[in-house]
Amino acid sequence: MDSIQLFGFVHEEVGKYVFGAHYRLAKKPKPFRWSLHVTLLHCGWLRIRNDILKKFQGCKCPEYLMMIHLLEEVNQLVFLHYPVIFHSGNYHALRSSMLRLAVFFIYMERHHYNKSALSWISDDEHLKQQPPEYRNLVMSNVHVVTEKKVEIHHSPLRQHTTPQSSAEQIQQVAHVLNSQRYQGTFCKEYVSPYQRGYSEKDLTFLTGLTAEYLVGKFVEIAHNKSEEQKVESLPDVTLECDLSQCRHNGRGSVSSLACGHSFHNDCLRKEGELLPCQLCWPNLKKEISKLTSSWNKGLLTPQKSQASPGASESSGNTDLPDDGIPEIPSRNSEYYTSQSLATDLKETVDGIHSPTTVLYPSAEARRNETVNNSQ
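If you're wondering where the values come from, they're calculated on a predicted model, not measured in any experiment.

Asks: Would you take a moment to explain the overall build of the protein for this structure?
Replies: A tally of regular secondary structure across the protein gives 17 helices and four strands. Across the 375 residues in the protein, those meeting the buried criterion constitute 37%. Contacts in the protein between residues at least 24 apart in sequence constitute 71% of all its contacts with a sequence separation of at least 6. Summed over all atoms, the accessible surface of the protein reaches about 22,300 Å², with 54% contributed by carbon and sulfur.

Asks: Explain the nonpolar core to me, please; I cannot follow it from the model alone.
Replies: Nonpolar side chains in soluble globular proteins generally cluster together in the buried interior. In this structure, F56, Y64 and F218 are the most contacted members of the largest nonpolar core, which totals 59 residues. Counting residues per element, the ones that place at least two in this core are α2 (8–19), α3 (31–55), α4 (62–88), α5 (91–107), α6 (113–127), α7 (132–140), α12 (200–224) and α16 (339–350). With near-sequence residues (within four places) excluded, Y64 lies in contact with I52, L53, F56, C59, F218 and I221. In terms of nonpolar packing, the next biggest core, distinct from the first, is built from seven residues, C241, L243, F263 and C267 among them.

Asks: Explain the pattern of salt bridges here, please?
Replies: Here the idea is simple: oppositely charged side chains can pair when their charged atoms come close. In the structure shown here, the tally under the stated rule is eleven salt bridges. D51 is the salt-bridge partner of K346, the closest N and O atoms lying 3.4 Å from each other. Taken together, the residues K346 in helix α16 and D51 in helix α3 connect sequence positions 295 residues apart. A salt bridge links D350 to K346, with the nearest nitrogen and oxygen atoms 3.9 Å apart. Here D350 pairs with K346, and both are found in helix α16, just four residues apart, close to one helical turn. Judged by relative accessible area, K346 falls into the partly exposed class, the value being 39%.

Asks: Help me understand a nonpolar patch on the surface, please; the structure alone is not making it clear to me.
Replies: There is a patch of nonpolar side chains on the surface, built from L6, V103 and Y107 and spanning about 220 Å² of accessible area. With respect to the secondary-structure elements, L6 resides in helix α1 (residues 2–6).

Asks: Would you mind showing me how to read the environment of Y107 here?
Replies: With respect to the helices and strands, the residue Y107 is situated in helix α5. Sequence separation of Y107 and E287 is 180 residues, and the distance between their C-alpha atoms is 8.8 Å. Apart from the residues within four sequence positions on either side, Y107 is in contact with L6, H69 and V74.

Asks: Help me out: how do you make sense of α4 in this one?
Replies: Taking 1.5 Å as the rise per residue, α4 with 27 residues should run 39 Å; its terminal C-alpha atoms sit only 34 Å apart, a clear shortfall. Along its length, α4 reaches its greatest deviation from straightness, about 65°, at H81, and the proline P83 lies no more than four positions downstream. Phi turns positive one or two residues past the end of α4, at G89, with a value near 85°.

Asks: Any chance you could explain the environment of I48 here in plain terms?
Replies: With respect to the element layout, I48 can be found in helix α3. Taking relative accessible area as the criterion, I48 reaches 2% and is therefore assigned buried. Separated by 298 residues in sequence, I48 and K346 have C-alpha atoms that sit 7.5 Å apart. Not counting chain neighbours up to four residues away, the residues in contact with I48 comprise A211, L214, V215 and L345.

Asks: Would you explain the packing of α2 against α3 in this entry?
Replies: The relative placement of two packed helices comes down to the angle between their axes together with the axis-to-axis distance. At a closest axis distance of 11 Å, the pairing of α2 and α3 adopts a crossing angle of 80°. The orientation of α2 with respect to α3, classified from their angle, is roughly perpendicular. Listed contacts from α3 to H11, V14, G15 and F19 of α2 are L36, H37, L40 and L41. A breakdown of the residues in the contact of α2 with α3 according to their chemical character gives five nonpolar, three polar and no charged.

Rules used throughout
- Residues numbered from 1 in each chain as written.
- Predicted model: local features only at pLDDT ≥ 70, side-chain atom pairs only at ≥ 80, totals over all residues.
- Heavy atoms only, no water.
- Helix = DSSP H or I, 4+ residues; strand = E, 2+ residues; numbered from the N terminus.
- Buried < 20%, exposed > 50% of the residue type's maximum accessible area, 1.4 Å probe, protein only.
- Contact = heavy atoms within 4.5 Å.
- Areas by Shrake-Rupley, 256 points an atom, 1.4 Å probe, with all protein chains shown as cover.
- Core = buried A, V, L, I, M, F, W, Y, C linked by side-chain atoms within 4.5 Å.
- Salt bridge = Lys/Arg side-chain N within 4 Å of Asp/Glu carboxyl O.
- Patch = residues over 30% accessible without salt bridge, like charges linked within 9 Å, V, L, I, M, F, W, Y side chains within 5 Å.
- Expected span 1.5 Å × (residues − 1).
- Bend = angle between axes of the 7 residues up to and from the residue.
- Axes fitted to C-alpha atoms, helices over the stretch in contact; angles between N-to-C directions.
- Parallel < 35°, antiparallel > 145°, perpendicular 65-115°, else oblique.
- Nonpolar A, V, L, I, M, F, W, Y, C, P; charged D, E, K, R; others polar.

Right, dumping it as structure tokens:
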């Protein structure tokens, strides 16, 4: 839902391109609708991803970075975190995903979700201090441990209790639900049958249209070549390395981070240790410190009765009256499910004039050239 609201203009454009100009996306779409958008963006992006990243390699234009942040970070987290990473049992992948979610919730200012991600990271740090046998046991069974937390404390528990239930009553219900977690009745209650959806062929058709939209968007970005910078820490589109202390005078190996900043590989390391983004980390560290203080204060302060979690977020849903499946557009479905589409999209991407605007390896190299030109 957050990704839909944050990048609503992109999702609105995708909807109109795929389903027609009449398509409207609510401010708070129902689960099926936003799930459809996330799926189309994810699958459409995979069809053109390698060609786009190769063509735009080194590009630091704000428009491009915004789209890459949506497609490579936000949408992938939404699409993969719970159904794939969470259930995979890969602890290291889950930890990486939780760290990315924490950053996402912090800059989205989600005051409950950010504490949840921080809590998981805190548990992870605590786990590092435990005996190796226990730590390895938890890490190898992470999908069981975390799954139990989610299932027991999710909707079934709330459904069978009331705000007036005592702690003992809630515990008793939790034990009953836990004893039923491997029974079919629990599964039916936890995940209600879901009948709506598209066939695989229709989804292939729709993702083909989405891929075509995305290619057009990147063509537009290449033509714009926006170099306007309104934020001090925005990546400098003319520099290969954003580190102000960089002394490189020649081109070198560069790594581009998720935030959009790029650095020479040796500028990203100190005594062999990989460093976080030197421009974003100070602000992020400050926000984490504020969040931690707020969280600790909340834990130590008696809380008054509160409304049920999520009540304020779910109220006032402005979804469309008809949230059924959008009709499949009447276009050449055979073309959008064929190899011809992939060939045409690749030709379009290959025809894009490289939008990379990097001119100098470092800020010092730019200063030196300016001085030389003025003499």
